[in-house]
Amino acid sequence: MPPRLGLVIPCYNEEEVLPETQRQLRVLLDELIADACIAPDSRVYFVDDGSRDRTWRQIEAFSADDPNFGGIKLSRNCGHQRALLAGLLSAEGDVIVSMDADLQDDPRAIKGMLAAHAEGSDIVYGVRSSRTTDTAFKRLTAQGFYRLMTVMGVDVVFDHADYRLMTRRAIENLREFDEVNLFLRGIIPLIGFKSARVEYARSERFAGESKYPLRKMLAFAIDGITSFSVVPLRFISGIGLATCLVSLMMAGWIVIRALASGATVPGWASTVVPMYFLGGVQLLSIGILGEYVAKSYLETKRRPRFFIDKLL
Ligand code: UDP
Ligand code: MG
């Protein structure tokens, strides 16, 4: 018996791409069902993350015309990660695949993921084999981010976004993580189980513009680092300790010089520059500390991460 597939797609103001996405997925479903890779009652779940355009009306129409298409409407815009989680936790199926609505993740890679699952993997990561279609800026920032995460000791899969397959068992384990600051790419490797990677070429966004402006990308990166790594906190202590040692050595040197020659040059720069520098280091350190305090504050409240308005 082939597994029943649940395909989860978060959508935020995606009216320009959604009809094409639906069309391509219909073709893909037909192909996978015909090849007995998935069960005929497999379903696509479009998660409307509080879109302000016609996205939800389109999803309703797909679902009315075709039993293989369903929808989940969130009560408001909760952000990509939460929309994704809402879909993963609500979708039915033996295997759940998540992907973006804009066709940047090649839907044909799902076949490879299903094959890896058939060989016994519980989690299959879609990995970008090339980033030639990304802008140089996006490529640089994204890869810098993966490197930084590795330096910080967070176990992330390089060049893997949120295009992945998970079995029912892995999804039920994901349910156990109830953190509010969601960074799914960091959580999923923590689940463990046998995993595999499937490569795909990332294409350009089919239509519309990115829903991840620089502001959201930065917030996402900070969230990812601070919810998974205490390295920045240790780094602060390191800087503090090093600064103390250096200033002690400087003090010693000044005393020795004063005793030896008796002449000290009153330098303005040598006083003011370190003052500004240390002021900066302190502010930055307090900022990093604050980031973690804010995180624990938000976590202790245990607020629900999303509300589902409608299910189709
Ligand atoms: N998205 C979402 N909520 C948001 C922002 C984005 O559900 O608040 C969805 C969006 O519709 C898309 C996916 O997340 O399906 C990835 O967004 P996008 O393609 O704009 O990001 P990029 O590929 O540019 O990083
Ligand atoms: Mg995209």
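Residues numbered from 1 in each chain as written. Chains lettered and ligands numbered in written order. Predicted model: local features only at pLDDT ≥ 70, side-chain atom pairs only at ≥ 80, totals over all residues. Heavy atoms only, no water.

A.B. asks: Go over the overall build of the protein, please, and point to the residues and values.
C.D. replies: When its secondary structure is counted, the protein shows 10 helices and eight strands. Relative to a compact globule of 312 residues, whose C-alpha radius of gyration would be 20 Å, the protein shows 25 Å and is clearly more extended. Each principal axis of the C-alpha atoms in the protein carries an extent, and together these give about 90 × 40 × 40 Å. For the protein, the proportion of contacts with a sequence separation of at least 24, taken over those separated by at least 6, is 83%. Summed over all atoms, the accessible surface of the protein reaches about 16,200 Å², with 62% contributed by carbon and sulfur. The average position of the 37 basic charges and that of the 37 acidic charges among the side chains of the protein differ by 6 Å. (Helix = DSSP H or I, 4+ residues; strand = E, 2+ residues; numbered from the N terminus. Rg over C-alpha atoms; globule rule 2.2 N^0.38 Å. Contact = heavy atoms within 4.5 Å. Areas by Shrake-Rupley, 256 points an atom, 1.4 Å probe, with all protein chains shown as cover. Lys, Arg positive; Asp, Glu negative; His and termini not counted. Charge placed at Lys NZ, Arg CZ, Asp CG, Glu CD.)

A.B. asks: Lay out the coordination of the magnesium ion (ligand 2) in plain terms, naming residues and giving numbers.
C.D. replies: Those donors, Asp102 (OD) and Gln104 (OE1), are the protein atoms that reach the magnesium ion (ligand 2), and they lie 1.9 Å from it. Comparing Asp102 with Gln104, the two get one shared label, buried. (Donors = N, O, S within 2.8 Å, 3.2 Å for Na, K, Ca; no water. Buried < 20%, exposed > 50% of the residue type's maximum accessible area, 1.4 Å probe, protein only.)

A.B. asks: Residues and numbers for the pattern of salt bridges, please.
C.D. replies: Applying the stated criterion across every chain yields a total of 22 salt bridges. In this structure, the salt-bridge partner of Arg23 is Glu20, at a minimum N-O distance of 2.9 Å. With a gap of three residues between them, Arg23 and Glu20 both fall in helix α1 (residues 18-34), about one helical turn apart. Take Glu20: its relative accessible area is 17%, and that puts it in the buried class. One salt bridge connects Arg169 with Asp122, and the closest N-O pair in it is separated by 2.6 Å. One end of the pair, Arg169, is in helix α6 (residues 168-174); the other, Asp122, is in the loop between α4 (109-118) and β5 (123-130), with 47 residues separating them in the sequence. Judged by relative accessible area, Arg169 falls into the partly exposed class, the value being 46%. (Salt bridge = Lys/Arg side-chain N within 4 Å of Asp/Glu carboxyl O.)

A.B. asks: Could you give an account of the sheet that holds strand β4 (residues 95-98), naming the residues involved and the relevant values?
C.D. replies: Read across the open sheet, the eight strands follow the order β7-β5-β6-β4-β1-β2-β3-β8; overall the sheet is mixed. The open sheet has two free edges, formed respectively by β7 (195-201) and β8 (308-311), since each of these has just one partner strand. In this sheet, adjacent strand axes meet at a mean angle of 20° when their direction is disregarded. Pairing of strand β3 (residues 69-74) with β8, which is carried by three bridges, proceeds in the antiparallel orientation. In the strand pairing of β8, Ile72 is matched with Leu311. The strands that α4 touches are β1 (5-11), β4, β5, β6 (160-167) and β7; relative to β6, the one it contacts most, it runs at about 45°. Packing against the sheet, helix α7 (residues 184-191) makes contact with β5 and β6, and its axis sits at approximately 35° to β6. (Pairing = 2+ DSSP bridges. Axes fitted to C-alpha atoms, helices over the stretch in contact; angles between N-to-C directions.)

A.B. asks: I'd love a proper account of the site of ligand 1, names of residues and values included.
C.D. replies: In the vicinity of ligand 1 lie 19 residues, with Glu14, Asp49, Asp102, Ser210 and Lys211 positioned nearest. Between ligand 1 and the protein, one listed contact pairs an oxygen atom with a side-chain N or O atom of Lys216 at 3.1 Å. Compared with its free state, where it exposes 540 Å², ligand 1 has 95% of that area covered by protein. A per-class count over the shell around ligand 1 returns five nonpolar, five polar and nine charged. (Near = heavy atom within 4 Å. Polar contact = N/O pair within 3.5 Å; in protein donor to acceptor, adjacent residues only side chain to side chain. Nonpolar A, V, L, I, M, F, W, Y, C, P; charged D, E, K, R; others polar.)

A.B. asks: So what's going on with helix α9 (residues 231-261)? Residues and values would help.
C.D. replies: Between its first and last C-alpha, α9 extends 44 Å over 31 residues, near the 45 Å set by a 1.5 Å rise per residue. A positive backbone phi angle near 75° is found at Gly262, which sits one or two residues after α9. (Expected span 1.5 Å × (residues − 1).)

A.B. asks: Lay out a nonpolar patch on the surface with the relevant residues and their values.
C.D. replies: A contiguous nonpolar surface patch, about 550 Å² in accessible area, is contributed by Val246, Met249, Met250, Trp253 and Ile254. Looking at where Met249 falls in the secondary structure, it is placed in helix α9. Residue classification places Met249 among the exposed positions, given a relative accessible area of 59%. (Patch = residues over 30% accessible without salt bridge, like charges linked within 9 Å, V, L, I, M, F, W, Y side chains within 5 Å.)

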